[in-house]
Amino acid sequence: MTHDASDITVRPARTSDVRDMQRLIEPYAHRQILLGKELVTLFEAVQEFVVAERDGELVGCGALHVFWEDLGEVRTIAAAEHAVGRGVGHAMLDALEERARRLGLTRLFCLTFETEFFGRHGFAEVAEQVVEPDVFSELLRSQDGGVAEFLDLAHVKPNTLGNTRMLKRL
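Residues numbered from 1 in each chain as written. Predicted model: local features only at pLDDT ≥ 70, side-chain atom pairs only at ≥ 80, totals over all residues. Heavy atoms only, no water.

Trainee: Whenever I open this one, the pattern of salt bridges confuses me. Can you help?
Mentor: Opposite charge on two side chains lets them pair, provided their charged atoms get close. In total, this model carries 10 salt bridges according to the counting rule given. When the shortest N-O distance is used, the salt bridge between Asp7 and Arg54 registers 2.9 Å. Note that Asp7 is positioned in the segment before strand S1 (8-12) and Arg54 in strand S2 (residues 49-54), a separation of 47 residues in sequence. The network of salt bridges with common partners includes Arg11, Asp17 and Glu53. (Salt bridge = Lys/Arg side-chain N within 4 Å of Asp/Glu carboxyl O. Helix = DSSP H or I, 4+ residues; strand = E, 2+ residues; numbered from the N terminus.)

Trainee: Can you walk me through the packing of aromatic side chains in this structure?
Mentor: Each pair of aromatic rings is reported with the distance of its centres and the angle of its planes. According to the stated counting rule, one finds 3 aromatic pairs in the structure shown. Taken together, a centroid distance of 6.3 Å and an interplanar angle of 40 degrees make the contact between Phe67 and Phe109 tilted. With a gap of 42 residues between them, Phe67 in strand S3 (residues 57-68) and Phe109 in strand S5 (residues 107-112) connect regions that are remote in the sequence. Of the residues examined, Phe67 reaches a relative accessible area of 7% and is grouped as buried. The exposure class of Phe109 is buried, given its relative accessible area of 0%. A centroid spacing of 5.1 Å and a plane angle of 85 degrees characterise the contact between Phe117 and Phe118, whose relative ring orientation is edge-to-face. Under the relative-accessibility criterion, Phe117 is labelled buried at 17%. Exposure remark for Phe118: the relative accessible area of 6% places this residue in the buried category. Each member of the aromatic cluster is reached from another via a ring pair, and the members are Phe117, Phe118 and Phe123. (Phe/Tyr/Trp six-rings, centres within 6.5 Å; stacked < 30°, edge-to-face > 60°. Buried < 20%, exposed > 50% of the residue type's maximum accessible area, 1.4 Å probe, protein only.)

Set out below in structure tokens:
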């Protein structure tokens, strides 16, 4: 499969993109591929997101969430259904990885059903705990649901069943 991403522009998300981002995420949430996101949650996290545009149309979104000094999570990558397989996810993931490097992160985590996509981009499945015990105890203080998923805490299990934990070193 060839990806022609030359006509895709990836940029930081703006508040004016949030409703379109929610529309991109909804079909995946209905199929339980992604967790659904409330509008307020998307507005609160808009600075973590990038969006992909093609011919003036929003065709993708994705987020980078920082967990710790060296570790971040790629979250909520969604491409418009008519744009799947056309380089949108690839372009967004490249932009998110570049953002991670600029922030000083050296590892990226994702919790995904899309193991082939992330595998093609250098992510590998992990079963072991990814952080040291002292960092684990610090992360337990986070109110962020994604951090609880990362830590594999029991109370988020219904949301994460079937997902694969993957990690990439930058």
